[in-house]
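Spelled out from the first residue to the last, the chains are:
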Amino acid sequence: METPTARGSLSETVLVAMRSGDTSQLVGVDGADDSDDAQIALWALFELHHGGFDDVTDELEWDPQLLIVRRRLEQEFEQELRGRAPESPERGDFAEDFFAYIAGHDGPSLTLHLERSATREQMRQFLQHKSIYTLKESDHTTWTIPRLPHSIKAAVVELQYDEYGAGDPSRLHAHLYARGLAASGLSAEYGAYIDQAPLEVLEQNNVMSMFGLNRRLVGASLGFLGAFEATSSAPSRRIAGGLERLGFPTEMTEYYTEHVEADSIHEQLAVRNICGALIDLDPSQYENIYFGAWACLHVDDRYAERMLKEWGV
Ligand SMILES: [Fe+2]
Ligand SMILES: [Fe+2]
């Protein structure tokens, strides 16, 4: 993948520095022009810890100037999210309360629109946006593994084993998605649609990377995972229905039907054996777990609102 197009003066400076390898120009650089500028710069900086870019040397992954900019953007982003986050619910039976918290959340339903009335073009746009995350599905959770106590580590790896195809590369969820994209006449190349990704897609991706890469946010990362898995099964069924209605190839539908069943199991694992078990071992993780879960629902709502508005729904 090549570096994305800049969306303002900070991302321009960061991307020029990354491509040239001369990061001295970042010393004392001004803040971002706006959220788009900040989020694309942050996305590119996080990407150095994922697959990187063809036009940026791997040497820059731990470049101090880039890390200073990343840290600043992360802090601003986290503060913004924490400023919007509600209080965590009172402590009680964790799994029961957590599932009730998810069930009680009432956001705009993009997947209902995709199921019943989206046009083919809208569905293609949705698949392109989702490709930014889904082609590296679950990787951010892998970053939490070395930071966890033994029992939680085992449960996260059990879940990840499934996400990564249970030993069969052709069953890797990211691979299923790539196959679906290719069969649908879309690019299956990682990052192909980054320049088309709206701000809300960048936020979704950046929040996952931020939680995964910071040990102090390990609870938030797992809370995000819990909410993500617990809100996947029914929406996946709706998306699969929409894809069928619009005549998309079975390879694309299969990615979503796979998640109808898989995530009804994953949600139990993530909520009970991962989040609940972590709180039992370390009650101080409670607030962070709820913060992560809220962040998952919040960024998803923001994306849904954006697209429904753009599509005039
Ligand atoms: Fe998956
Ligand atoms: Fe899953």
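Student: Help me understand the pattern of salt bridges, please; the structure alone is not making it clear to me.
Tutor: Oppositely charged side chains can form a pair if their charged atoms are brought close together. According to the stated counting rule, one finds 15 salt bridges in the structure shown. Asp 55 is paired through a salt bridge with Arg 19; the nearest N and O atoms lie 3.8 Å apart. Here Asp 55, found in the loop between helix H2 (35-47) and helix H3 (64-84), pairs with Arg 19, found in helix H1 (residues 9-20); they are 36 residues apart in sequence, far enough to count as distant. Here the salt bridges share partners, and the residues they tie into one network are Arg 171, Arg 179, Glu 254 and Glu 258.

Student: What am I meant to see in the coordination of the iron ion (ligand 2) here?
Tutor: Coordination angles at a metal have ideal targets, namely 109.5 degrees for four tetrahedral donors and 90 or 180 degrees for six octahedral donors. Taken together, Glu 163 (OE), Glu 229 (OE), Glu 229 (OE), Asp 263 (OD) and His 266 (ND1) make up the protein donors of the iron ion (ligand 2), found 2.1 to 2.7 Å from the metal. What makes Glu 163 buried here is its relative accessible area of 2%.

Student: I would appreciate a short explanation of the state of the cysteines in the present structure.
Tutor: As used in these notes, a disulfide is a covalent bond between sulfur atoms, one from each of two cysteines. Overall, the coordinates contain zero disulfides when judged by the stated rule. Between Cys 275, a free cysteine, and Cys 296, which holds the nearest cysteine sulfur, the sulfur-to-sulfur gap is 11 Å. By relative accessible area, which is 0% here, Cys 275 ends up buried.

Student: Where do I start with unusual backbone geometry in this structure?
Tutor: Across the chain, the bulk of peptide bonds are trans and the bulk of non-glycine residues have phi less than zero. With a phi angle near 80 degrees, Ser 138 is a residue other than glycine that sits in the positive phi range. The residue Ala 166 is not glycine, and still its phi comes out positive at about 50 degrees. Its place among the elements puts Ala 166 in the loop between helix H8 (150-163) and helix H9 (173-183). By relative accessible area, which is 37% here, Ala 166 ends up partly exposed.

Definitions and limits used
- Residues numbered from 1 in each chain as written.
- Chains lettered and ligands numbered in written order.
- Predicted model: local features only at pLDDT ≥ 70, side-chain atom pairs only at ≥ 80, totals over all residues.
- Heavy atoms only, no water.
- Salt bridge = Lys/Arg side-chain N within 4 Å of Asp/Glu carboxyl O.
- Helix = DSSP H or I, 4+ residues; strand = E, 2+ residues; numbered from the N terminus.
- Donors = N, O, S within 2.8 Å, 3.2 Å for Na, K, Ca; no water.
- Buried < 20%, exposed > 50% of the residue type's maximum accessible area, 1.4 Å probe, protein only.
- Disulfide = S-S within 2.5 Å.

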